[in-house]
Amino acid sequence: MTPVPDSTVVAYRDDGALSRSMGLLVAGQLPPLPPVVAGTFVTGVLLLIGVAASDGLAVFAPAVTLLLAGPGSSHPHDGRLDWLVPPILRLIEYSFIAAVAFAHGISPVLIFLVLGAMAFHHYDLVYRIRQHVYPPPWLSTFGLGWDGRMMLVALAAISGWVTTGYVVLAVYLWCLFGWESLTCWLAAPRSGVDATEMGTQD
């Protein structure tokens, strides 16, 4: 099992490869909360003016959010209010994906499946860290991260393959997160104390 680091707020962010790469550029020098708040404001404005309904502009919301929030991914998130960053990123991601889907007439069932897969992963992530069972490093990469999932949805909207994109995303995420969660919990120690001891030994 992977040892749990001292600060788990960064893990709750669920950053993908794009966001982590941008974080490396600033080497943890950028405070995470102000850029994420700015990204929330910009995304909200873009959605309110109908960006999600325009194939040519749908990519702007995730791109702007990535540019603003991505560099803060390498920060230790040790500020008094930095714990707000993960839930704000969840709000941005879920709102954008739902808005694009409703704007393009996607079935509510399909929207629920996509959002449900992400919600399951984020709930599982929080619960396993509380039990000192840290997720493997590759999970955020293959899970695409909040940034990768938003970019994929935006590209699907631009290409006109929105329904296909949501179907593929739902199947992929449920298979990946479901399989990884099952195998992780089956391999985990029976108690948080044992998991802590194992992390210390590693």
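Predicted model only: the values in this text are computed from it and were never measured.

1. Considerations on the side chain of Glu93
- By the secondary structure assignment, Glu93 is in helix 5 (residues 85-103).
- A residue is classified by how much of its surface remains accessible, and Glu93, at 0% relative accessible area, is buried.
- If we skip the residues at most four places from it in the chain, Glu93 touches Met118, His122, Trp146, Arg149 and Met150.

2. A few points about the packing of helix 4 (residues 60-69) against helix 8 (residues 145-159)
- Remark: helix 4 packs on helix 8, axes separated minimally by 9 Å, with the N-to-C direction vectors making an angle of 160°. On the basis of their axis angle, the class for helix 4 and helix 8 is roughly antiparallel. By crossing handedness, the relation of helix 4 to helix 8 is classed as left-handed. From helix 4, Pro62, Ala63, Thr65, Leu66 and Ala69 reach across to helix 8, where they touch Trp146, Asp147, Met150, Met151 and Ala154.
- Here the contact of helix 4 with helix 8 is built from residues that sort into eight nonpolar, one polar and one charged.

3. Description of the confidence of the model for the protein chain
- The pLDDT averaged across the protein chain works out to 82; a share of 84% of its residues lies at or above 70.
- With pLDDT under 50 throughout, residues 192-202 is counted as low confidence; its partners more than four residues away or in other chains account for 13 contacts.

4. Quick look at the packing of aromatic side chains
- If you walk through the whole model with that rule in mind, you get five aromatic pairs.
- Seen in terms of ring centroids, Tyr123 and Tyr127 are 6.3 Å apart; in terms of plane orientation they differ by 15°. Their pairing is stacked. Of the two residues, Tyr123 and Tyr127 both sit in helix 6 (residues 108-130), four residues apart, roughly one turn of that helix.
- Tyr127 sits in the partly exposed class, given a relative accessible area of 39%.
- An aromatic cluster of three or more residues is present, and its members are Tyr123, Tyr127 and Trp185.

5. Topic: the environment of Gly16
- Checked against the element boundaries, Gly16 lands in the loop between helix 1 (9-13) and helix 2 (17-26).
- Using a relative accessible area of 0% as the deciding quantity, one classes Gly16 as buried.
- For the pair Gly16 and Asp147, spaced 131 residues apart in sequence, the C-alpha separation works out to 5.9 Å.
- Apart from residues lying up to four places away in sequence, Gly16 is in contact with Ser140, Leu144, Gly145, Trp146 and Asp147.

6. Re the pattern of salt bridges
- Going through the model one piece at a time under the given rule, you end up with six salt bridges.
- When the shortest N-O distance is used, the salt bridge between Asp15 and Arg13 registers 2.6 Å.
- You can call Asp15 buried: its relative accessible area is 7%.
- Residue Arg128 pairs with Glu180 through a salt bridge whose shortest N-O separation is 2.9 Å. Here Arg128 is found in helix 6, whereas its partner Glu180 is found in helix 9 (residues 162-187), with 52 residues between them in sequence.
- On the accessibility criterion, Arg128 (0% relative accessible area) is buried.
- Owing to a relative accessible area of 3%, Glu180 belongs among the buried residues under this scheme.

7. Some remarks on helix 8
- Given a rise of 1.5 Å per residue, 15 residues ought to cover 21 Å, and the 21 Å separating the end C-alpha atoms of helix 8 matches this to within 8%.
- By the criterion of burial, helix 8 is predominantly enclosed, with 11 of the 15 residues buried.
- Along helix 8, the residues that are buried comprise Gly145, Trp146, Asp147, Gly148, Arg149, Met150, Met151, Val153, Ala154, Ala156 and Ala157.

8. Some points on the layout of surface pockets
- When its volume is computed, the largest pocket comes out at roughly 350 Å³.
- What lines the largest pocket is a set of 17 residues, among which Ala11, Asp15, Arg20, Tyr134 and Ser140 lie closest to the centre.
- Only helix 1, helix 2, helix 6 and helix 7 (138-142) provide two or more residues apiece to the lining of the largest pocket.
- Across the lining of the largest pocket, the residue classes break down as nine nonpolar, five polar and three charged.

Rules of the game
Once a new chain begins, its residue numbering starts again from 1 and follows that chain's sequence as written. Totals for whole chains, interfaces and linings use every residue, but because this is a predicted model, local features are given only for residues with pLDDT of at least 70 and side-chain atom pairs only at 80 or more, for both listing and counting. Hydrogens and water molecules were not included; the side-chain quantities draw on all heavy atoms of the structure. Helix numbering and strand numbering both begin at the N terminus, where a helix is a DSSP run of H or I of at least 4 residues and a strand a DSSP run of E of at least 2. With a 1.4 Å probe rolled over the protein chains alone, any residue whose accessible area is under 20% of its type maximum counts as buried; one over 50% counts as exposed, and the rest are partly exposed. Contacts are residue-level and defined by heavy atoms, with any inter-residue pair within 4.5 Å sufficient. Every axis corresponds to a line fitted to the C-alpha atoms, with the helix fit spanning only the stretch in contact, and the corresponding angles, defined between N-to-C directions, vary from 0 to 180 degrees. Roughly parallel refers to an angle under 35 degrees, roughly antiparallel to one over 145, roughly perpendicular to one between 65 and 115, and oblique to any angle outside these ranges. In this scheme the crossing of two helices becomes right-handed for a clockwise turn of the near helix relative to the far one and left-handed for an anticlockwise turn of less than a right angle. Lys, Arg, Asp and Glu make up the charged group, whereas Ala, Val, Leu, Ile, Met, Phe, Trp, Tyr, Cys and Pro make up the nonpolar group; the residues left over, Gly among them, are polar. The predictor attaches a confidence to each residue, called pLDDT, with possible values from 0 through 100. What counts as a ring pair is set by centres within 6.5 Å for rings of Phe, Tyr and Trp (its six-membered ring), and what kind of pair is set by the plane angle: stacked under 30 degrees, edge-to-face over 60, tilted for all other angles. Any Lys or Arg side-chain nitrogen located within 4 Å of an Asp or Glu carboxyl oxygen qualifies as a salt bridge. What a helix should span is 1.5 Å times the count of its residues minus one. Points on a 1 Å grid over protein atoms alone make up a cavity when a 1.4 Å probe fits among them but cannot get out, and a pocket when they form an open set with protein on both sides within 12 Å along at least five of seven lines; lining residues each have an atom within 4 Å of a point. Grid points are joined across faces, edges and corners, and a volume is the space filled by probe spheres set on the points.

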